[in-house]
There are 6 protein chains.
Amino acid sequence: MEKLLKGLKKFQDEVYPEHKDRFEALAQSQDPDVLFITCSDSRIDPNLITQSEPGELFICRNAGNIVPPHSHETGGMTASIEYAVSVLKVRHIIICGHSSCGAMKAAMNPLSVKRLPHVKVWLDHCRAAKEAVQQKHDHLTDEHLDEVTKQNIILQMNHLKTHPAVFSKLHTSEIQVHGWMYDIKTGNVEMYDDKQTRFITV
Amino acid sequence: MEKLLKGLKKFQDEVYPEHKDRFEALAQSQDPDVLFITCSDSRIDPNLITQSEPGELFICRNAGNIVPPHSHETGGMTASIEYAVSVLKVRHIIICGHSSCGAMKAAMNPLSVKRLPHVKVWLDHCRAAKEAVQQKHDHLTDEHLDEVTKQNIILQMNHLKTHPAVFSKLHTSEIQVHGWMYDIKTGNVEMYDDKQTRFITV
Amino acid sequence: MEKLLKGLKKFQDEVYPEHKDRFEALAQSQDPDVLFITCSDSRIDPNLITQSEPGELFICRNAGNIVPPHSHETGGMTASIEYAVSVLKVRHIIICGHSSCGAMKAAMNPLSVKRLPHVKVWLDHCRAAKEAVQQKHDHLTDEHLDEVTKQNIILQMNHLKTHPAVFSKLHTSEIQVHGWMYDIKTGNVEMYDDKQTRFITV
Amino acid sequence: MEKLLKGLKKFQDEVYPEHKDRFEALAQSQDPDVLFITCSDSRIDPNLITQSEPGELFICRNAGNIVPPHSHETGGMTASIEYAVSVLKVRHIIICGHSSCGAMKAAMNPLSVKRLPHVKVWLDHCRAAKEAVQQKHDHLTDEHLDEVTKQNIILQMNHLKTHPAVFSKLHTSEIQVHGWMYDIKTGNVEMYDDKQTRFITV
Amino acid sequence: MEKLLKGLKKFQDEVYPEHKDRFEALAQSQDPDVLFITCSDSRIDPNLITQSEPGELFICRNAGNIVPPHSHETGGMTASIEYAVSVLKVRHIIICGHSSCGAMKAAMNPLSVKRLPHVKVWLDHCRAAKEAVQQKHDHLTDEHLDEVTKQNIILQMNHLKTHPAVFSKLHTSEIQVHGWMYDIKTGNVEMYDDKQTRFITV
Amino acid sequence: MEKLLKGLKKFQDEVYPEHKDRFEALAQSQDPDVLFITCSDSRIDPNLITQSEPGELFICRNAGNIVPPHSHETGGMTASIEYAVSVLKVRHIIICGHSSCGAMKAAMNPLSVKRLPHVKVWLDHCRAAKEAVQQKHDHLTDEHLDEVTKQNIILQMNHLKTHPAVFSKLHTSEIQVHGWMYDIKTGNVEMYDDKQTRFITV
Ligand SMILES: [Zn+2]
Ligand SMILES: [Zn+2]
Ligand SMILES: [Zn+2]
Ligand SMILES: [Zn+2]
Ligand SMILES: [Zn+2]
Ligand SMILES: [Zn+2]
């Protein structure tokens, strides 16, 4: 915690002054073009990997970069997506998964989270991704982690398309949905190609 | 979107090489000490304002930096908090609100979101903060935005303490909960002081 | 009711004897190949329009031929789909909407069901279809009924793909999802063509 | 699937022409007198066993002919019942269970569906029927299948009476609720007699 | 509050000594025969009106003496009923409504609670009672308060019978359900007579 | 049951006449100052232990004197609290736990209620109390029953503070929340002291 407080002081003394103009310009409101949905994982910094500045990315983060399918029940993702699309009118939504994801590992090994009732239920939103890979290979081992993670990105893109604001703006081409797979070790990002129905390196 | 892709390329070509060692060291797992909960607002970059590096902050973000009170129902926040506390064993949880928050403005003016069913229900988790300020002053105007935002941070800290893992670790002093109010325009951060029951400037 | 009881007697006296062998063969179990999801509307008889016999179609019917997106909450559709796919191992799922659908009319005119709390909430599962058509034309009139109905079939197909058993079997091509639009007046059926992304007459 | 498409063509070429007048008369709206709730089982054809024509039965079907008790939560059955009673003003509701029901078998053997999370939860709506029979006999074997199925019909009739529109129209005798037990093998139907509190053969 | 503390002291000094033996005998466990469900109304004292002693009545109280129909969702009533019937094995359940009930008045005038979101939703569990009376008379005035209250008692008895433990024990006659209407002003109690389907004075 | 009916007659013949004036004065409405939340346990009589009269305590009772944290979902406690605070404008809320509580015992031994699905889920609202005590001592035995019960009272007080009406009235000091621990055997009551953060004997 002390390190954080020192960092905060450093930000105020050294970094903020450089960005003073931008921050003052942004003081009253935001106008981002992109909704960026990614995992809570501490190794991911969306602004760093896209070299974007404050004001550019509206960011939602949870364990597993999960978008629950739309339902009458309101949750943080459902509300934040509605806000981003209908109020901020973002034109792009990126769902960004990543290598070595603890949530995906847990989804592949439900027993490992049997004492974590909410993690277990939350990861049920990834179950279809795991089962798709398992059914294709007739078994599932740690080596399938990346494949499950990619399948999960596709699944969450499906889920996203059940949200009314997204479904209707896709129909009129006012919005685009993207799937990214970020490799922490190498910094590479593979992107989902709708036509080839597979991930390709940029 | 093109700007983002260029930024990504720049990250890979120019930034990643500098951090290569750190990213490779982090490739297999994470071990953050802090769970950082903040708003999805595009103007907030937690890693920037705390000058922290990848691997230090487990970050949850949603519209309004809301932590729903614990319930049998699982949501992204409930699951991510359980994961951070019970699996990653973070020792600090920071709830960081901010100036000029669109979610707080909407919570103060429910009519403005009447056509956004999920935003409206989600912001019901802030209702008590708004009503507390309103009841104190017998009315509510735009000038109370900061006061409502601060009251909301306190409210979400209350909510956090209903989550089993947090409640029990508070009892044994294994975890600490912090409330931050970040001013976008000036870079200042006020922190909630439990003993004085008010926010103080660091 | 008397007409029904007479019909039942007629069935037992005149129709059952003809089908006796088939019914006796089916007495112990069923093995349908198709899950047929359609509206409760009294004018639709799935066995009649497909000229299929008892034992061929596992049939789910509700107002609006709606498939709620998958969630942790269990409902009749979610359970029946799971049963059909995982226990009966059907290889085709048909979602069949129809002309002059009262549910679609109500979805287009929410005010007409404001005193019917459950109908109103249930039809929220069609909202995206209505909004897609409305957004495309910038307005919505009774003449868009067929377009909304078709869009709803596509939407429910999307919803269907969020159900784990369906998602994973689609990945391995063990199952196919079909969208039908049935015209009560003429008996015609248009089918959704995935490649052309539109309905075509058979 | 090919068989179905052929059947559809046969319907259009040979069957529809005979019914052309009826279908054209029904093209704009429906006015059924009966809400018929039955199992999704492929061996049941409500129109066949009641020899009724298109337009006579508003039909809801799910695995186990289940009517969840009324609650604030909206599901397909709750909404469809509300629609049938309040909009279509049906005067009769028939809950039709049947012999050799896979859902009832699963309700009696919960272990058989332990890998089917939604089926398991859905069948919890039948648990009381199973427990009533089990408690009466102090044990439960496959031989009790018909008894559980009948008890389930009575239970679902109880559930039905918790739905506001049904409860209030029963109070004014504007609606009647019926319980049918259909035997697939013989075509017989036993009906529940409220006064004798048992099923009797018609 | 001071009055309460004085009363507590009086209880300890003057009343407890008289009951010392009974309280000591009850110190380890309870074995009540009756589950008594009544309104939270401050004017009702179940032990007073039945002249029963500590240990005789397991008491559940909420605004409106409401028993939500059984569902997968767990609430206080659902759990407490399950506990009373399955653990304590009570043999009688009394649902006791009362004259001048604020909850019933609110159920009859939903507008009066439009700013009380939870009261409004909770009273939806009484809606059917109100609608039954309204439909019978074609209108509803304050004079129907007692009639709605009685109808509500019947409705909650219906709801009670959807709870598995109650349904199955009713089937084996191990439990009895009673409906009481208590008049605060006169101390009279009318009881529901199942055969006459109306309330009769004891 | 007969004993109860005799008690009721005795109340009407002997007790009511003494209180006639009070009951007639209360016939039209109530105006309690205190919301008293306690366990359904048959050994607790709130009016007896506080020597209070009809009209003084608005009483909510359920197994375990539990107050679920506030959520969008409405339950009996949520609605009754809203009614007591916003309509009746009570100025004190007492949460009263007690010695030898069956619900607390069950919360400490979840296996004992594994066949009671709703009791199990309901007691999940006490889980944090149990885990706090368990974590402090590194184990949990029957001897910790009182400690868990007290911790549960504190937990439910936390939950209570997430309810909007309570949170905002605490902010303006219009309401006070109290925690009581009642010992059935001795009649003693310990009260929670906010400043000392422990229970003290009155
Ligand atoms: Zn991750
Ligand atoms: Zn914000
Ligand atoms: Zn229809
Ligand atoms: Zn069946
Ligand atoms: Zn009352
Ligand atoms: Zn207790």
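Since the model is a prediction, treat every value here as computed from it, not as a measurement. Here, residues in each chain are numbered from 1, in the same order as that chain's written sequence. Just so you know, chain letters begin at A and ligand numbers begin at 1, following the order they were written in. Only residues with pLDDT of 70 or above have their local features reported here, since the model is predicted, and side-chain atom pairs are shown and tallied only from 80 upward, although totals for entire chains, interfaces and linings are computed over all residues. Just so you know, side-chain values use all the structure's heavy atoms and leave hydrogens and water out.

### Considerations on the domain arrangement of chain A
Residues and elements named next belong to chain A. We apply this condition: Where each domain begins and ends follows an automated or database-derived domain assignment. Only heavy atoms matter for contacts: two residues are in contact if any of them lie within 4.5 Å across the pair. Note on terms: buried area is the combined drop in 1.4 Å-probe accessible area of two parts once they are placed together, counting the loss on both.
Taken domain by domain, chain A consists of domain 1 (1–30) and domain 2 (31–201). The interface of domain 1 with domain 2 comprises 4 residues on the first partner and 9 residues on the second. Taken together, the two surfaces of domain 1 and domain 2 that pack against each other cover about 540 Å², and 55% of this comes from carbon and sulfur. On the domain 1 side of the interface with domain 2, the three residues burying the most area are Arg22, Leu26 and Gln30, jointly 85% of the side's total.

### Some details on the arrangement of the chains
The smallest C-alpha distance separating chain B from chain D is 14 Å, and no contact links them. If you take every C-alpha in chain C and every C-alpha in chain F, the smallest gap between them is 14 Å, and the two do not touch.

### Things to note about the interface of chain A and chain B
As a reminder, the rule being used: Each reported salt bridge corresponds to a side-chain nitrogen of Lys or Arg within 4 Å of a carboxyl oxygen of Asp or Glu. Helix and strand assignments follow DSSP, with helices taken as H or I runs no shorter than four residues and strands as E runs no shorter than two, numbered in order from the N terminus. When residues are grouped by polarity, Ala, Val, Leu, Ile, Met, Phe, Trp, Tyr, Cys and Pro land in nonpolar, Asp, Glu, Lys and Arg in charged, and all others, Gly among them, in polar.
Opposite the 77 residues of chain A that make contact, chain B presents 77 residues. Each partner contributes to the roughly 6700 Å² buried at the junction of chain A and chain B, and carbon and sulfur atoms together form 62% of this total. Counting the contacts that link chain A with chain B gives 2 salt bridges. The greatest single-element share of the side of chain A that touches chain B, amounting to 13 residues, is contributed by helix H1 (residues 2–26) of chain A. Here the residues of the side of chain A that touches chain B sort into 35 nonpolar, 30 polar and 12 charged.

### Digging into the pattern of salt bridges
Residue and element names in this part refer to chain B. Under the criterion given, the structure shown has 60 salt bridges over all chains. With a closest N to O distance of 3.2 Å, Lys150 and Glu190 form a salt bridge. Of this pair, Lys150 sits in helix H7 (residues 145–160) while Glu190 sits in strand S5 (residues 189–193), placing them 40 residues apart in sequence.

### Comments concerning the UniProt feature "binding site: Zn(2+)" (unreviewed entry) in chain A
All names here are of chain A. The condition that has to hold: UniProt positions are given in the numbering used here, feature names are shortened, and annotations may be inferred rather than shown by experiment. Remark: exposure states derive from per-residue accessible area (1.4 Å probe, protein chains only) relative to the maximum for the residue type, with buried under 20%, exposed over 50%, and partly exposed in between.
When the UniProt feature table is mapped onto this chain numbering, "binding site: Zn(2+)" (unreviewed entry) sits at Cys39, Asp41, His98 and Cys101. For the annotated residues, spread through 63 residues, the largest C-alpha to C-alpha distance comes to 8.9 Å, consistent with a single compact locus. Looking at the secondary structure, you find Cys39 in strand S1 (residues 34–39). If we ignore the near neighbours within four places in the chain, the residues touching Cys39 are Ile44, Arg61, Asn62, Ala63, Gly64, Asn65, Cys96, His98 and Cys101. Here Cys101 lies in the loop between strand S3 (92–98) and helix H4 (102–108). Look at Cys101 and you get buried, because its relative accessible area is 1%.

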